[in-house]
Amino acid sequence: MTEHTFEPKILAFCCHFCAYASADLAGSMRLQYPPGVRIIRTPCTGRLEVEYYLQAIENGADGVLIAGCLEGGCHFIDGNLFARKRVTATRALLEECGIDKERLRMVNISAAMAKNLVEVIFEMVDTVKQLGPNPLKISRTILKEEILK
Amino acid sequence: MIVAQRKTIPELQNIIKGHKNILVLGCGTCVTVCLAGGEREVSIISSALRIASKKLGEPIKVNELTIERQCDNVFIETAADEIKKYDAVLSLGCGAGVQAIAERYPDKPVYAGLDTAFLGILESRGVWTEKCAQCGACVLADFGGICPVTRCAKHMLNGPCGGSRVERCEISPNQPCAWQLIYKRLKDIGEVDKLKKIYPAKNWSKSLDGGSRTIIREDHRI
Ligand code: SF4
Ligand code: SF4
């Protein structure tokens, strides 16, 4: 896979009360964002477990974006603050595993911030493009090639 | 409860090196409560090990199981069928759990995935503190329920040492001086007179210095 044909697959966990609504708004405003981004609606980013992030990477996601409400604006008071702590810990754990921590990122977006959401998605896609495809997929390809030899 | 902490992923990779098919075995008791080796941590560590091994281009099979208690044969037996299927077991139990599993499966490599740290309590969310060093001859009754063996950095039975500053231990400003706590507590409960007596040297033969310990209760044996 060469650099310019690589379209990162990004899993975006979006909180129902903010980022998911802003993604909806982005649609209404006809704002485009890269097609490799798959949005998963979550009741609150505080609901997301470390395992979700790890399993996303394990199963080949090139990047994982967590989008929760602005700090202080969480529908469940502090779910997004807990999420931020879990994301920080998971980023450190990914580094221990040899995976660049920038593949996992958390942002805070309100329901009205459609433009900002699109911007952070582009930033995430750019970062992941620079990092290249998820190395777990690469090693799988190498393995297959070796087996075929 | 027993408080433990996970080893780093590179450390764990090194420990399980050479094995292709691993069972990560959690324990549902102390290490679940201290968030080190319960079902969730088993799932997280297993996933991390799969990621790290795939990244190296040497993927291994890592499966997960958590039993109620690893230090109890009744529960260890429930894992027997599963354990047989793997090259090795990475136990997330405390040091006692790991050894209990290893004794039951003499042919199976059983490794410790945690660093068992101390006997302590949950101080506040995410904070555990050490409270007892299992000395085998408890002196809490004489010190207002505050353990000088564990909580005084010098394990002094006739403290304080003279190094404390503003109620803090001289080894760290984050650590309260155990003797300050003892004095305050004994004063509060009207037992400060207890400190007038010179405490005799402790009998350490009841502690780890006497070799690993066994307790036998004849009235409970069959
Ligand atoms: S005196 Fe010994 S048994 Fe008692 S709390 Fe301290 S270390 Fe534990
Ligand atoms: S300052 Fe207090 S706790 Fe620290 S070593 Fe001295 S007596 Fe023990």
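Residues numbered from 1 in each chain as written. Chains lettered and ligands numbered in written order. Predicted model: local features only at pLDDT ≥ 70, side-chain atom pairs only at ≥ 80, totals over all residues. Heavy atoms only, no water.

Draft legend 1. Structural context of the pattern of salt bridges. Summed over the entire model, instances satisfying the criterion amount to 22 salt bridges over all chains. Between E49 of chain A and R47 of chain A there is a salt bridge, and its shortest N-O distance comes to 3.5 Å. For R47 of chain A, a relative accessible area of 41% gives the class partly exposed. The partner of E102 of chain A in a salt bridge is R91 of chain A, with the nearest N and O atoms 3.2 Å apart. You can see E102 of chain A sitting in the loop between helix 3 (79-96) and strand 4 (104-108) and its partner R91 of chain A sitting in helix 3, a full 11 residues away along the chain. With relative accessibility at 17%, the residue R91 of chain A sits in the buried group. Taken together, the salt bridges that share partners define one network made up of R47, E49 and E51 of chain A together with R40 of chain B. (Salt bridge = Lys/Arg side-chain N within 4 Å of Asp/Glu carboxyl O. Buried < 20%, exposed > 50% of the residue type's maximum accessible area, 1.4 Å probe, protein only. Helix = DSSP H or I, 4+ residues; strand = E, 2+ residues; numbered from the N terminus.)

Draft legend 2. Representation of the environment of G38 of chain B. Residue and element names in this part refer to chain B. Mapped onto the secondary structure, G38 falls in the loop between helix 2 (30-33) and helix 3 (39-55). Linking G38 and G26, residues 12 residues apart in sequence, is a C-alpha distance of 5.2 Å. If we ignore the near neighbours within four places in the chain, the residues touching G38 are C27, V31, T32 and T66. (Contact = heavy atoms within 4.5 Å.)

Draft legend 3. Fine view of the site of ligand 1. If you check the shell around ligand 1, you find C132, A133, Q134, C135, C138, V139, L140, C147 and T150 of chain B and nothing else. A per-class count over the shell around ligand 1 returns seven nonpolar, two polar and no charged. (Near = heavy atom within 4 Å. Nonpolar A, V, L, I, M, F, W, Y, C, P; charged D, E, K, R; others polar.)

Draft legend 4. Here's a closer look at the site of ligand 2. All names here are of chain B. Every residue close to ligand 2 is listed here: C152, A153, K154, P160, C161, S164, C169, E170, C177, A178 and W179. In this structure the site holding ligand 2 corresponds to the largest cavity. A class-by-class count of the residues in the shell around ligand 2 yields eight nonpolar, one polar and two charged. (1 Å grid on protein atoms, 1.4 Å probe; cavity = no way out; pocket = protein on both sides within 12 Å on 5 of 7 lines; lining within 4 Å. Sits in = over half its atoms within 2 Å of the grid points.)

Draft legend 5. The arrangement of empty space enclosed by the protein in detail. Residue and element names in this part refer to chain B. Applying the stated criterion to the full structure yields one cavity of 30 Å³ or more. Looking at the largest cavity, its volume works out to about 110 Å³. Forming the boundary of the largest cavity are 15 residues, of which C152, A153, C161, C169 and C177 lie nearest the centre. Grouping the constituent residues of the lining of the largest cavity by class yields 10 nonpolar, two polar and three charged. (Points joined across faces, edges and corners; volume = space filled by probe spheres on them.)

Draft legend 6. Expanded view of the interface of chain A and chain B. Chain A puts 19 residues into the contact, and the matching count from chain B is 17 residues. When the buried surface of chain A facing chain B is broken down by residue, E58, E96 and C97 of chain A rank first, second and third, together holding 35% of it. For the pair chain A and chain B, the interface holds four salt bridges. Of the charged contacts, one joins E58 of chain A and R50 of chain B as a salt bridge, the two residues approaching to 2.5 Å between their closest N and O atoms. For the pair chain A and chain B, the number of links is eight residue pairs in polar contact (both at pLDDT 80 or more). When residues of the side of chain A that touches chain B are traced back to their parent elements, those giving at least two are helix 2 (50-58), helix 3 and helix 5 (135-148) of chain A. With six residues, helix 2 of chain A is the largest single contributor of residues to the side of chain A that touches chain B. (Buried area = accessible area lost by both parts, 1.4 Å probe. Polar contact = N/O pair within 3.5 Å; in protein donor to acceptor, adjacent residues only side chain to side chain.)

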